[in-house]
Amino acid sequence: MSDLVIAIDGPAGSGKSTVARAVAHALGWSFLDTGAMYRAVTCEALARGVDVADEAAMATVAAHVTLTTLPRVTVDGRDVEDEIRTEPVNLAVSIVAANPLVRQSMVTRQREIAAAQPVGTVVEGRDITTVVFPEATLKVFLTASLDERAARRGEEGVDSVARRDRADSTREASPLRRADDALVLDTTGRNVKDVVEEIVQCLKTRQSN
Ligand code: DC
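Residues numbered from 1 in each chain as written. Predicted model: local features only at pLDDT ≥ 70, side-chain atom pairs only at ≥ 80, totals over all residues. Heavy atoms only, no water.

1. Quick look at the overall build of the protein
The helix and strand inventory of the protein stands at nine helices and eight strands. For 209 residues, the compact-globule estimate of 2.2 N^0.38 gives 17 Å, and the protein sits close to it at 16 Å. Taken over the C-alpha atoms alone, the protein extends approximately 50 × 40 × 30 Å along its principal axes. When burial is assessed residue by residue, the protein has 51% of its 209 residues classed as buried. Relative to all contacts within the protein whose residues are 6 or more apart in sequence, the contacts with residues 24 or more apart total 76%. (Helix = DSSP H or I, 4+ residues; strand = E, 2+ residues; numbered from the N terminus. Rg over C-alpha atoms; globule rule 2.2 N^0.38 Å. Buried < 20%, exposed > 50% of the residue type's maximum accessible area, 1.4 Å probe, protein only. Contact = heavy atoms within 4.5 Å.)

2. Some details on helix α8 (residues 157-170)
For α8, spanning 14 residues, the distance from its first C-alpha to its last is 20 Å, which sits close to the expected 20 Å at 1.5 Å a residue. Listed in full, the buried residues belonging to α8 are Ser160, Val161, Ala162, Arg164, Asp165 and Asp168. (Expected span 1.5 Å × (residues − 1).)

3. Structural notes on the side chain of Glu124
Among the secondary structure elements, Glu124 is positioned in strand β6 (residues 120-125). There is no salt bridge for the buried Glu124, and the closest opposite charge comes from Lys16, which lies 4.4 Å off by N-O distance. The contacts of Glu124, once residues within four sequence positions are left out, are Ile8, Lys16, Ser17, Ala20, Phe31, Leu32, Asp33, Thr34 and Gly35. (Lys, Arg positive; Asp, Glu negative; His and termini not counted. Salt bridge = Lys/Arg side-chain N within 4 Å of Asp/Glu carboxyl O.)

4. Notes on the sheet that holds strand β4 (residues 74-75)
Overall, antiparallel pairing links the three strands, which are arranged β3-β4-β5 in an open sheet. Only two strands of the sheet have a single partner each, and these edge strands are β3 (67-68) and β5 (78-79). Note that β3 and β4 share two bridges and pair antiparallel. Of the residues in β4, the one forming a bridge with Thr68 is Thr74. (Pairing = 2+ DSSP bridges.)

5. A few points about the site of the ligand
What surrounds the ligand is a group of 17 residues, the closest being Arg39, Arg103, Arg126, Asp127 and Arg171. Contact between the ligand and Arg126: an oxygen atom at 2.8 Å from a side-chain N or O atom of the residue. Relative to its unbound accessible area of 450 Å², the ligand is 99% covered by the protein chains. Grouping the constituent residues of the shell around the ligand by class yields four nonpolar, four polar and nine charged. (Near = heavy atom within 4 Å. Polar contact = N/O pair within 3.5 Å; in protein donor to acceptor, adjacent residues only side chain to side chain. Areas by Shrake-Rupley, 256 points an atom, 1.4 Å probe, with all protein chains shown as cover. Nonpolar A, V, L, I, M, F, W, Y, C, P; charged D, E, K, R; others polar.)

As structure tokens, then:
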């Protein structure tokens, strides 16, 4: 059990998943992709024909599903690793993520998952540095230009990425924002190895102070 957490936030395509996964690997820590959790709940709602805008119905789905993110994303035992990145889910997930009841249940799960890890956890999302782990060992905010972020998201395209950014940053419930004490890294044109080294170095400096 460990309370060591590196919290990483940033908009879609800023490199969070790739960087967070690589930092976890470099340190021998666990990795938690919280966006995959919101996406998996969205998949389940779409599969059950639940209206994703129905806050109470979505809260029930979120509260009762069994979720795993590693080694594969599953919901109630169904593998949704590929389905979570499809267009219907891209379109619906911002609505689900704006539901405060869904967020409450995801945040509780995220804290439980991190607390159960043997060494430490690298957790990435939108509200990790501000709401889920405001006392994290290290907080990082990743950004990149919209063009580069859209290019990294491939088929999703600039418009969809920009639309999701707007929805995630302007919603009432835990909008994406920079924590005042987060290390801000612009990943535009930088390689993953470089960014990972900077984060690991920063962690070591924080831990030795
Ligand atoms: O990082 P991603 O694109 O897989 O995230 C999917 C959606 O979930 C995105 O619209 C933002 C939202 N999200 C969130 O609101 N809070 C998180 N901690 C993680 C993701």
